[in-house]
Amino acid sequence: MRELAVDLGERSYPIFIGSGVLTAHELLLPHLEQPRAVLVTNETVAPLYLERVTTMLERHAVRVDSVVLPDGEQYKNWQTLEKVYDTLVDTRAERATTLIALGGGVVGDMTGFAAATWQRGAPFVQMPTTLLAQVDSSVGGKTAINHPRGKNMIGAFHQPRAVLIDTDTLATLPLRELRAGLAEVIKYGLIRDAAFFDWLEGHMEAVLALEPGPVAFAIERSCRNKAEVVAADETERGERALLNLGHTFGHAIETGTGYVDWLHGEAVAVGMLMAAEVSLRLGWLDESELARIEGLLIRAGLPVQGPALPVDEMLHWMAGDKKVSGGRLRLVLLQGLGKAVVTADVPPSVLRAAIAARS
Ligand code: NAD
Ligand code: MG
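Residue positions within a chain follow its written sequence, with the count starting from 1. Working convention: letters from A go to chains and numbers from 1 go to ligands, in the order in which they are written. Per-residue local features are limited, in this predicted model, to residues with pLDDT of at least 70; the limit for side-chain atom pairs, both in listing and counting, is 80 or more; totals at the level of whole chains, interfaces and linings are taken over all residues. Side-chain measures here rest on the full set of heavy atoms in the structure, leaving out hydrogens and waters.

## Some remarks on the coordination of the magnesium ion (ligand 2)
Under the convention used in this document: Any nitrogen, oxygen or sulfur atom within 2.8 Å of a metal ion counts as a donor, with the limit raised to 3.2 Å for Na, K and Ca, and since water is left out, coordination shells can look unfinished. Think of it this way: any DSSP run of H or I at least four residues long counts as a helix, any run of E at least two long counts as a strand, and we number them from the N terminus.
Looking at the metal site, the magnesium ion (ligand 2) is ligated by Glu 184 (OE), His 247 (NE2) and His 264 (NE2), spaced 2.0 to 2.2 Å from it. For the magnesium ion (ligand 2), the donor residues sit on a single chain with the sequence spacing E-x62-H-x16-H. One end of the pair, His 247, is in helix H9 (residues 247-256); the other, His 264, is in helix H10 (residues 264-281), and 17 residues separate them in sequence.

## Here's the deal with the site of ligand 1
Applicable threshold: Being near a molecule or strand, for a residue, comes down to having at least one heavy atom within 4 Å of it. A 3.5 Å cut-off defines polar contacts: any pair of N or O atoms within that distance qualifies, except that in protein one atom must be a possible hydrogen donor and the other a possible acceptor, and neighbouring residues in sequence count only when both atoms are side-chain atoms. In this description, accessible areas are obtained by the Shrake-Rupley approach with a 1.4 Å probe, and a residue is regarded as covered only by the protein chains that are shown.
Inspection of the region around ligand 1 gives 26 residues, with Asp 71, Glu 73, Thr 129, Thr 130 and Thr 172 positioned closest. Take Asp 109: an N or O atom from its side chain is 3.0 Å from a nitrogen atom of ligand 1. Residue Lys 151 places a side-chain N or O atom 2.9 Å away from an oxygen atom belonging to ligand 1. Compared with its free state, where it exposes 860 Å², ligand 1 has 88% of that area covered by protein.

## A look at the pattern of salt bridges
Any two side chains of opposite charge can pair, on the condition that their charged atoms come close. How we decide: We define a salt bridge as a contact between a side-chain nitrogen of Lys or Arg and a carboxyl oxygen of Asp or Glu at a distance within 4 Å. Three exposure classes are used, based on accessible area relative to the maximum for each residue type with a 1.4 Å probe and protein chains only: buried under 20%, partly exposed in between, and exposed over 50%.
With the rule as written, the count across this model stands at 23 salt bridges. Of the charged contacts in the structure, one is a salt bridge between Glu 220 and Arg 2, with a shortest N-O distance of 2.6 Å. One end of the pair, Glu 220, is in helix H8 (residues 212-232); the other, Arg 2, is in strand S1 (residues 2-6), with 218 residues separating them in the sequence. Judged by relative accessible area, which is 27%, Arg 2 ranks as partly exposed. Ionic contacts of the salt-bridge type, sharing partners, join the residues Asp 136, Glu 184, Lys 187 and Lys 226 into one network.

## Brief notes about the nonpolar core
What counts, and what does not: The nonpolar core is taken to be a set of buried Ala, Val, Leu, Ile, Met, Phe, Trp, Tyr and Cys residues, with the residues joined through side-chain atoms within 4.5 Å. Domains are outlined according to an automatic or database domain assignment.
One finds Ile 186 and Ile 293 to be the most contacted residues of the largest nonpolar core, which totals 76 residues. Top element by residues in this core is H10. It accounts for 11 residues. Looking at which domains feed residues into this core, each of domain 1 (2-169) and domain 2 (175-357) gives three or more. In terms of nonpolar packing, the next biggest core, distinct from the first, is built from 24 residues, Leu 27, Leu 32, Tyr 49 and Leu 57 among them.

## Regarding the UniProt feature "binding site: Zn(2+)" (unreviewed entry) in the protein chain
The condition is simple: UniProt positions are given in the numbering used here, feature names are shortened, and annotations may be inferred rather than shown by experiment. Contacts are assigned to residue pairs with any non-hydrogen atoms lying within 4.5 Å of each other.
Within the UniProt annotation, "binding site: Zn(2+)" (unreviewed entry) is assigned to Glu 184, His 247 and His 264. Across 81 residues, the annotated set stays spatially compact, with a maximum C-alpha separation of 10.2 Å. Examined against the element boundaries, Glu 184 turns out to sit in helix H6 (residues 175-192). Among residues more than four places away in sequence, those in contact with Glu 184 are Leu 132, Val 135, Asp 136, His 247, His 264 and Val 268.

This is the structure in structure tokens:
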């Protein structure tokens, strides 16, 4: 079992990573304020893991209520959130009752937002079951639901009390979802951890084969990077923006294709390459570095070419991104492998050429 901490003063919390973490009562119980919890999960994850967590808690005299949501990004909305609030009201949950998110990032974001708003802030714990949630969304306290016309537009910063990552859950995850999570793993190497990027080049097949040591290492190293960034900049005034490498392009791909054909991680993979193409044209990255990024993404089974969206349409969707500040498009770019910067000064012709190179 591996343990690390997100260092946020009074709101610091541990991240536990390992096999069997879902049923390790000694990790969870110290983080419950009262012997009550409301488990939030979805219809796919519930049959796989709900009973084992419920049984573990009930064996230790914790009252457990649960709510099973429909599965899918399209349900990350008010109507579904109402189901969580209804359960909290129906079961007379208190302000000290812990909400537990058991599932991927959709469940995690909704549970976190429910916890942030329930009685003005209730404790919550993350039990992420997708690779993406384990290395990214469960850490850092961003919670949100979607607006029909904008992803993650309604949300709050609300940190969990603990993050419990059971690497065994990846065994049931569809391979395509595993690959999508790897895009965010590779991202950490690219933005701030060159040694990790090198390590991934040596271990990509082992991680994809879910070899326990390499998988746990990749998750821990990703969480460590995310935890350091979040500790330095909890509410994204500065450094945290670097975590958006590839995301402005990626969101344009997701929006432009109607959120059906592309998984987030797949769009981010192409987005990171578009950012690298911009960096190349600015002389910040050389051809061999770009080739290494592309090579690693290919080995992870991720796409390296975007959908055939016209450049103008990509730019249109990019302009609607949350990262637009004062009307200016701010992009995360690379100055070598392991070093990222935010800039608002990309010449339009360079941007267009970079997008075209990957469309
Ligand atoms: P997801 O939650 O939709 O999960 C992907 C699919 O895998 C779903 O069908 C889910 O039911 C299924 N699943 C989950 N665990 C499983 C398991 N162990 N075995 C089998 N199937 C399993 O998608 P995701 O990629 O985990 O998360 C994406 C969401 O996360 C998006 O809504 C995104 O906005 C959000 N996100 C949030 C943050 C943040 O900082 N809060 C960061 C990144 C992403
Ligand atoms: Mg992401």
